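Each chain is listed here by its residues.
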Amino acid sequence: MSRRWAPIACLALLAQPALAVDVTVTSAQVSRFKGVGLDEPVGKLIFRGGLTLQSQDDMFGGLSSVTVTGPDQNIAFVTDRGQFVSGKFAYDQDDRLLSLIGVTMDPIQNSGGEPLPRQFARDAEGMDTVFRDGVPIAVRVSFENLTRVADFAITDGRPGGHAREIAIPEWLRDLRTNKSLESVCVAPPASPIAGSTLLLTEEALDESGNHRGHFLGQNDKGPVTYTNSPVVNPTDCAFLPNGDLLVLERGVALFSFVMNLRRVPAAEVRPGNLMQGELLLSAEGAEIDNMESIMVHTTPGGETRILIGSDNNFNDWQRQLLLEFALAE
């Protein structure tokens with residue numbers, strides 16, 4: 001794995017000055033994955049490179065989910081300790097991920113506009129963007145332990161402000177573990193269930209042993225299930241522009257992390273169905289880490305990319321790893 005280090009100077013942002021903290025982040029480019037180089041096929045995808053991220057700030061880490069928050073590569077992560085990490089992805093002249101710039105951290109707030117009071121309430125695990133007329137207006141965040149879903153307004157590419165809680169089924173609210181509501185994703189306009197929000201659990205299984213989920217929506221709402229696979233559990237989801245669903249699965253086997261990426265056709269993503277995905281990519285061992293986040297976005301060069309990221313759990317021996325792929329077809 002070859003790496004090129006690039007120190008990043010963080011930019012001061014004006015929103016919420018009393019709460020926001022600028023963070024210095026360094027990055028290293030990743031140019032090989034599973035024995036292949038840049039632009040080579042791996043599984044049913046094309047490897048486009050990646051980054052590892054590091055910071056001396058003790059609060060930087062635990063990046064559980066990532067989403068687009070504006071034009072010009074504005075993105076945000078949520079963390080296990082109840083923080084929004086906002087910034088911009090920078091790309092080089094070859095349209096490869098180069099660095100994360102302008103990094104700012106804001107504590108996630110409760111409905112009263114105060115930082116979340118205790119760790120039991122801070123465990124943010126899933127996030128996706130809510131669009132209106134093609135403009136990102138909010139992020140929708142799922143939490144474990146104190147299981148809930150809430151929206152947060154986007155201002156100048158950064159999510160924040162007080163939480164606006166979203167009603168979820170009682171069986172979901174009653175889950176009080178760190179293996180409950182791991183994934184949230186919002187269906188795009190091309191989807192048969194456009195605008196509906198998919199909530200997918202990590203280890204809440206039905207009587208057949210499959211993962212329980214639920215759709216929130218006006219017309220398309222109700223329960224759904226996702227096929228359980230050995231070793232791995234769903235840890236994040238994202239929709240492709242055509243409405244196909246990507247599900248990232250993560251597990252541990254023989255003391256190493258395991259990752260699968262599956263694709264569910266748009267026609268099968270509906271209430272009342274048992275969703276089964278086609279395997280696009282599988283990896284384990286030193287090639288990956290604790291892969292927990294997935295995002296579909298468009299690069300400056302106009303290519304649709306799948307970005308998969310790891311959560312280092314604030315451990316020195318784990319990485320904040322980002323990997324990018326393009327679809328082979």
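Being a predicted model, the structure only gives us computed values, none of them experimental.

## Details of the pattern of salt bridges
Next, step 1: All told, the structure shown has 15 salt bridges when counted by the stated rule.
Next, step 2: Measuring nitrogen to oxygen at the nearest pair gives 3.9 Å for the salt bridge that ties Glu-182 to Arg-250. Of this pair, Glu-182 sits in strand 14 (residues 181–186) while Arg-250 is found in strand 19 (residues 245–253), placing the two residues 68 residues apart along the sequence.
Next, step 3: Since its relative accessible area comes to 1%, Glu-182 is described here as buried.

## Structural notes on the packing of aromatic side chains
Next, step 1: Tallying each qualifying case throughout the model produces four aromatic pairs.
Next, step 2: Measuring from centroid to centroid gives 5.8 Å for Phe-47 and Phe-325, while their planes differ by 55°, and the two rings are tilted. A residue pair is termed long-range when its members are at least 10 positions apart, and Phe-47 in strand 5 (residues 45–55) and Phe-325 in strand 25 (residues 320–327) qualify at 278 residues. An identical accessibility class is assigned to Phe-47 and Phe-325; each is buried.
Next, step 3: Put simply, the rings of Phe-33, Phe-47 and Phe-325 touch in pairs and so form one group of aromatic residues.
Next, step 4: One cation-aromatic arrangement involves Arg-148 over Phe-143; the distance from NZ or CZ to the ring centre is 3.8 Å.
Next, step 5: Residue placement shows Arg-212 over the ring face of Trp-171; its charged tip is 3.7 Å from the ring centre.

## Looking at the pairing of strand 5
Next, step 1: With nine of eleven residues buried, strand 5 is to be regarded as a mostly interior element.
Next, step 2: Inspection of the sheet shows strand 4 (residues 41–42) paired to strand 5 by two bridges, in the antiparallel sense. Looking at the pairing, Val-42 lines up with Leu-45 of strand 5.
Next, step 3: The antiparallel hairpin formed by strand 4 and strand 5 contains two residues in its connecting segment, where Gly-43 sits at a positive phi of about 60°.
Next, step 4: Pairing of strand 5 with strand 25, which is carried by eight bridges, proceeds in the antiparallel orientation. Considered in strand 25, the bridge of Phe-47 is made with Phe-325.

Reading the values: the criteria
- Residues numbered from 1 in each chain as written.
- Predicted model: local features only at pLDDT ≥ 70, side-chain atom pairs only at ≥ 80, totals over all residues.
- Heavy atoms only, no water.
- Salt bridge = Lys/Arg side-chain N within 4 Å of Asp/Glu carboxyl O.
- Helix = DSSP H or I, 4+ residues; strand = E, 2+ residues; numbered from the N terminus.
- Buried < 20%, exposed > 50% of the residue type's maximum accessible area, 1.4 Å probe, protein only.
- Phe/Tyr/Trp six-rings, centres within 6.5 Å; stacked < 30°, edge-to-face > 60°.
- Lys NZ or Arg CZ within 6 Å of the ring centre and 35° of its normal.
- Pairing = 2+ DSSP bridges.

Scope: geometric values only; no functional claims are made or implied.
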